Amino acid sequence: MDKVVEEFEKRHRAVTAKHRKLADGYVTALNRNGTIEHKPIRRVPVFRLRTVLMALGVFLLFKGFILANLGVEDYESHLGHLATGSAFEQAGAWIMATDPASLWLSEKFQAFIS
């Protein structure tokens, strides 16, 4: 009896998953057997501007916090060490380079740290 219940639950999960997919929109078409079949519309996930801006803001906060903790001289020496490494490390050094926004944030963090 256990196997029967497991098979039922498996079919139930499949039907529920298909229902959730069809709830976002579907296309009706005839399949090879001549029966009508509903297929979910495939949507490509799109990055929203708000998500990108939030990620950029968190990244700038991270850079400002690291810059405030290390200090400008130590931070620049770490970046210099990265710049002499592989292409991946050089790209990281370019991304982590100091900019006016991270310098301003580091000054604001200095007030909390000291």
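Conventions and cut-offs
- Positions within a chain are numbered from 1, following the residues in the order the chain's sequence is written.
- Only residues with pLDDT of at least 70 get local features here, since the model is predicted, and only at 80 or more are side-chain atom pairs given and counted; chain-wide, interface and lining totals rely on the full set of residues.
- To get the side-chain values, all heavy atoms of the structure are used, and hydrogens and water are removed first.
- Put simply, buried Ala, Val, Leu, Ile, Met, Phe, Trp, Tyr and Cys residues joined by side-chain atoms within 4.5 Å make one nonpolar core.
- For each residue, the accessible area found with a 1.4 Å probe, counting protein chains only, is set against the maximum for its type, and the residue is called buried under 20%, exposed over 50%, and partly exposed in between.
- In what follows, residue pairs with any heavy atoms lying within 4.5 Å of each other are defined as contacts.
- A run of H or I in DSSP counts as a helix once it spans at least four residues, and a run of E counts as a strand once it spans at least two, with each numbered from the N terminus.
- Multiplying 1.5 Å by the residue count of a helix minus one yields the expected span of that helix.
- Pairing of aromatic side chains here covers Phe, Tyr and the six-membered ring of Trp, requires ring centres within 6.5 Å, and sorts the geometry by plane angle: under 30 degrees stacked, over 60 edge-to-face, intermediate tilted.

Peer 1: Describe the nonpolar core, listing the residues and the values that go with them.
Peer 2: Counting residues in each nonpolar core, the largest one holds 5 residues, listed as L67, Y75, L79, A93 and M96. The contact partners of L79, leaving out residues within four places of it in the chain, are A93, M96, A97 and T98.

Peer 1: Just give me the short version of helix α1 (residues 2-23), but keep the residues and values in it.
Peer 2: Relative to the 32 Å expected for 22 residues at 1.5 Å per residue, α1 spans 31 Å between its end C-alpha atoms, a close match to the ideal helical length. Among the 22 residues that make up α1, 1 are buried, leaving the element largely open to the surroundings. Looking at the residues trailing α1, positive phi occurs at G25, about 125°.

Peer 1: Could you give me a rundown of the packing of aromatic side chains, with the residues and numbers involved?
Peer 2: Counted under the stated rule, the structure contains 1 aromatic pair. Geometrically, the ring pair formed by F65 and F109 is edge-to-face, given 5.7 Å between the ring centres and 90° between the ring planes. Taken together, the residues span a long stretch of sequence, with F65 in helix α2 (residues 49-70) and F109 in helix α5 (residues 100-113) at a distance of 44 residues. By relative accessible area, which is 39% here, F65 ends up partly exposed.

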